[in-house]
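# Structural overview for review
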Amino acid sequence: MSNSLKQDISIGKKLKTMRKAAGLTQDEAAAQMQIMGLPINADILAKIEQGKYSIRISVLAAMKKIYKVDSYDAFFEDIGE
């Protein structure tokens, strides 16, 4: 039995929409996360947005700040529809 957690619903599409709404490219968003000390590059961010790479809570917290999101609830609105 695997001890790793697997995402069962991808929020990648929502994350991509939020990044674009913030006016950022993947490179720009990744650069801001790197400044915050997170080991993220545009390739990893693309995989997160495609649902191919699980997102860490620290990255989600950074996205909240970088994308200027008021609440974590915004990340989960309209998912699974």
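Predicted model only: the values in this text are computed from it and were never measured. (Residues numbered from 1 in each chain as written. Predicted model: local features only at pLDDT ≥ 70, side-chain atom pairs only at ≥ 80, totals over all residues. Heavy atoms only, no water.)

## What about the overall build of the protein?
- A count of helical and extended segments in the protein gives four helices and zero strands.
- Reading the protein from its N end, one meets helices and strands in the order α-α-α-α.
- In the protein, which comprises 81 residues, the share counted as buried stands at 33%.
- Within the protein, contacts between residues separated by at least 24 positions form 56% of all contacts whose residues are at least 6 apart in sequence.
- For the protein, the exposed surface amounts to about 5700 Å²; the carbon and sulfur share of it is 51%. (Helix = DSSP H or I, 4+ residues; strand = E, 2+ residues; numbered from the N terminus. Buried < 20%, exposed > 50% of the residue type's maximum accessible area, 1.4 Å probe, protein only. Contact = heavy atoms within 4.5 Å. Areas by Shrake-Rupley, 256 points an atom, 1.4 Å probe, with all protein chains shown as cover.)

## Brief notes about helix H4 (residues 57-66)
- Turning to H4, its buried residues are Val59, Leu60, Ala62, Met63 and Ile66. Buried residues of H4 fall within an arc of 160° about the axis and therefore sit on the same side. Projecting away from the buried face of H4 at angles above 90 degrees are the exposed residues Ile57 and Lys65.
- Buried positions along H4 lie against helix H1 (12-21), helix H2 (26-35) and helix H3 (42-49). (Arc of directions from axis to C-beta.)

## Points about the environment of alanine 74
- Within the secondary structure, alanine 74 is located in the segment after H4.
- Taking C-alpha positions, alanine 74 is 9.1 Å from methionine 18, a pair spaced 56 residues apart along the chain.

## Considering the side chain of arginine 19
- With respect to the element layout, arginine 19 can be found in helix H1.
- Accessibility expressed as a relative area gives 4% for arginine 19, which makes it buried.
- Beyond its immediate chain neighbours, meaning those up to four positions away, arginine 19 contacts Leu24, Thr25, Gln26, Ala29, Leu45, Glu49 and Tyr67.

## A few points about the environment of asparagine 41
- In this structure, asparagine 41 sits in the loop between H2 and H3.
- When its relative accessible area of 34% is taken as the criterion, asparagine 41 is described as partly exposed.
- Remark: the alpha-carbon pair of asparagine 41 and glutamate 28, spanning 13 residues in sequence, is separated by 9.5 Å.
- Among the polar contacts listed, one links the side chain of asparagine 41 to the backbone nitrogen of aspartate 43, at a separation of 3.0 Å.
- Reaching out from asparagine 41, the side chain makes a polar contact with the backbone nitrogen of isoleucine 44 at a distance of 2.8 Å. (Polar contact = N/O pair within 3.5 Å; in protein donor to acceptor, adjacent residues only side chain to side chain.)

Just distances and angles here, no functional claims.
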